[in-house]
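If you want the building blocks of each chain, they are given just below.
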Amino acid sequence: MEIPLLNDIVVIFALSIAVLFLCSRLKVPSIVGFILTGVLAGPHGLGLVRSVEEVKALAEVGVVLLLFAIGIEFSLKSLLQIRKSVLMGGSLQVLLTILTASVIAGQFGQPVGKAIFIGFLISLSSTAIVLKLIQERAEVDSPHGRTSLAILIFQDVIIVPMILLTPLLAGESGGTGGSLLILLAKGIAIIVLVVVSAKWVVPWVLYQVARTRSHELFLLSVFLICLAVAWMTSSAGLSLALGAFLAGLVISESEYGHQALGNISPFRDVFTSFFFVSIGMLFNAGFLFEHPVLILLITVAVMILKAALAGFSATLLGFPVRTAILVGFALSQVGEFSFILSKTGLEHGLLEGNVYQMFLSVSVLTMAATPFVMALAPRVADFASSLPLPVRLKNGLHPVQAIKVESKKDHLVIIGFGVNGRNLARAARVGNIPYVIIEMNPEVVRNERAKGEPIYYGDATQEAVLQHADIRDARIVVVAISDPAATRRITELVRRLNPNVHLIVRTRYLQEMKPLYELGANEVVPEEFETSVEIFSRVLGKYLVPRDEIERFIAEVRSDGYEMFRSLSREPAASFPDLKLQIPGVEVSALRIEENSPLVGKTLAQTDLRRKFGVTVVAIRRNSQILSNPDGDSQIRAGDVLLVLGSPEKIAAVSGLFYP
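Residues numbered from 1 in each chain as written. Predicted model: local features only at pLDDT ≥ 70, side-chain atom pairs only at ≥ 80, totals over all residues. Heavy atoms only, no water.

Asks: Go over the overall build of the protein chain with me, naming the residues and quoting the values.
Replies: Along the backbone of the protein chain there are 29 helices and ten strands. Here the protein chain holds 660 residues, and 51% of them are scored as buried. Of the contacts formed within the protein chain by residues at least 6 apart in sequence, a portion of 73% connects residues at least 24 apart. Carbon and sulfur atoms provide 62% of the accessible area of the protein chain, an area that totals close to 31500 Å². (Helix = DSSP H or I, 4+ residues; strand = E, 2+ residues; numbered from the N terminus. Buried < 20%, exposed > 50% of the residue type's maximum accessible area, 1.4 Å probe, protein only. Contact = heavy atoms within 4.5 Å. Areas by Shrake-Rupley, 256 points an atom, 1.4 Å probe, with all protein chains shown as cover.)

Asks: Which residues make up the pattern of salt bridges, and what are the values?
Replies: For the structure on display, the rule yields eleven salt bridges. A salt bridge links Arg-475 to Asp-410; the nearest nitrogen and oxygen atoms lie 3.6 Å apart. Note that Arg-475 is positioned in the loop between α21 (463-468) and β4 (476-479) and Asp-410 in the loop between α18 (391-395) and β1 (412-415), a separation of 65 residues in sequence. Connected through salt bridges with shared partners, the residues Glu-463, Arg-489, Glu-492 and Arg-496 form a single ionic network. (Salt bridge = Lys/Arg side-chain N within 4 Å of Asp/Glu carboxyl O.)

Asks: Pulling in residues and values, what's your account of the sheet that holds strand β9 (residues 625-628)?
Replies: Hydrogen bonds along the backbone pair up the strands of a sheet, which may run parallel or antiparallel. Read from one edge of the open sheet, four strands run β7-β10-β8-β9, paired in antiparallel fashion. The open sheet terminates on both sides in strands that have one partner only, identified here as β7 (587-592) and β9. Neighbour-to-neighbour, the strand axes of the sheet open up by a mean angle of 25°, direction not taken into account. Where helix α29 (residues 648-658) meets the sheet, it contacts β7 and β10 (641-646), and its direction lies at approximately 10° from that of β7. (Pairing = 2+ DSSP bridges. Axes fitted to C-alpha atoms, helices over the stretch in contact; angles between N-to-C directions.)

Asks: Talk me through the environment of Leu-242; I want residue IDs and the actual numbers.
Replies: Note on placement: Leu-242 falls in helix α11 (residues 240-252). Exposure remark for Leu-242: the relative accessible area of 9% places this residue in the buried category. Along the chain, Leu-242 and Asp-156 lie 86 residues apart, while their C-alpha atoms are 6.3 Å from each other.

Here it is in structure tokens:
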């Protein structure tokens, strides 16, 4: 029996592989490759796919899983930290875009209702595309990443009132006011349910599931939570994507978030690809070829308008011009939820014929251009930052206040107050080292200043901010932020302002190491390699390799620029120490003393384990205490755990005394 959807899936995957292979050779982003696949396979292209609606359903699942994964990587605490950006930034961006687009549409002869509806369509951006690109660039925790996410969350919520208001814009009357009140009540109820579930219900459920050690049961449970919350919000009149994001937030509050993310990641990537393919299927190349100049002009105009208004909204929130430009470029496209809203407009006569095709063409082109626009954004931001703009615009609206450090010379400057920055500040405080912190999250700055931290708000890509931190007299500068482009800019600026400072830079990207060294960094710490160093040092320690040899090996790995890790096929150089086990054939085992063991009540001297069995007791664990190097008078009690050193054969022979 032929299954049309299965045939279409095979066609999509086969065509996607070919297109993506070509895109990778041309260094074109994969999202553009998926959209191009949809254009080729869709009804306006080669017509290879017949089950278009079924593919769109799979695309919805992809959006759900993508937002679910974002929710897991985020947290309720993180969401509360950006509540100002969600409410103020989101409302400013949406209202300003609707107002400006409506006025422009009215100038071209559109009635008031249709003009406002066009503003609705243009005001929404693509959650799926922006968040995927921000994830790939590891910028979710950067100021522009968090602000973009906040505005996108607001857009996902505001689409529901837009749908309810559409009949009024078309001149129809109804109980819209009552519907909005009911929707508000449902939304509040869902939020309360999410908070309760995150704190008590879901952690308990996942704990019970995890106890079974069944991978299949855990995976199904995670999917059920995701789809159930998404279905619940959809039934309440909200979007599926918002429900999936809330479900991710719920799981992120438990200790099982990373496991859940690892389980769904393959499914997320597969289904998300269907979303981008389905977007490409909407594109009518024939209509584009009929009106190429007009469509391209409108596309460019829409992206410039949205980028300017989104950037302006970020500026009003107090962010510096660099962050505002990155936010504006990220939100410059028309979003996937605009397609859902456009269907409602079609039903009520607000979109007709060529206007609808124009909307589809412009929307798809803005989506396809987004990867290139976001890649260009850091360069534009750096150029804008170098212009003679007002200080308040360069550094943001939050006043920069001087911080009195213990010494104006030889102090430490920490740029970024994430996990690494916090740990470094704690170590500096313990070591009585004077330090200054530069951070771009105003909420973090306010909270930490209240605790007495020497922290102030500022964009470290600005020369004035670094000079305010007495960069010329600093001994060490550590850059620990999540924005690769800003990291490069800061590295170059610090080295220019202070040629003698010792500059340490953290990066997540291996390809960033060489450019950062060339820009003047003394040390570049790649997170992946340092994790590897920590793991192998612990492994070698467990194999009883002397600590001094391990430390020497680590020092050579770092001094070699992690070359051994970067060239995985290469054998370690001859200069590396010969790390061999100093006691071959010896292991340390933990053996528990049962109540009926003949050793209970005896001292170590009385057991004579070393002479009789050739094993040595190196420690005794009793309850929560560790008795290291116990002497012969140490008495053995029931329940003790003895750590014994010896060959595997001798340990096996003596174990009979522990488990009689």
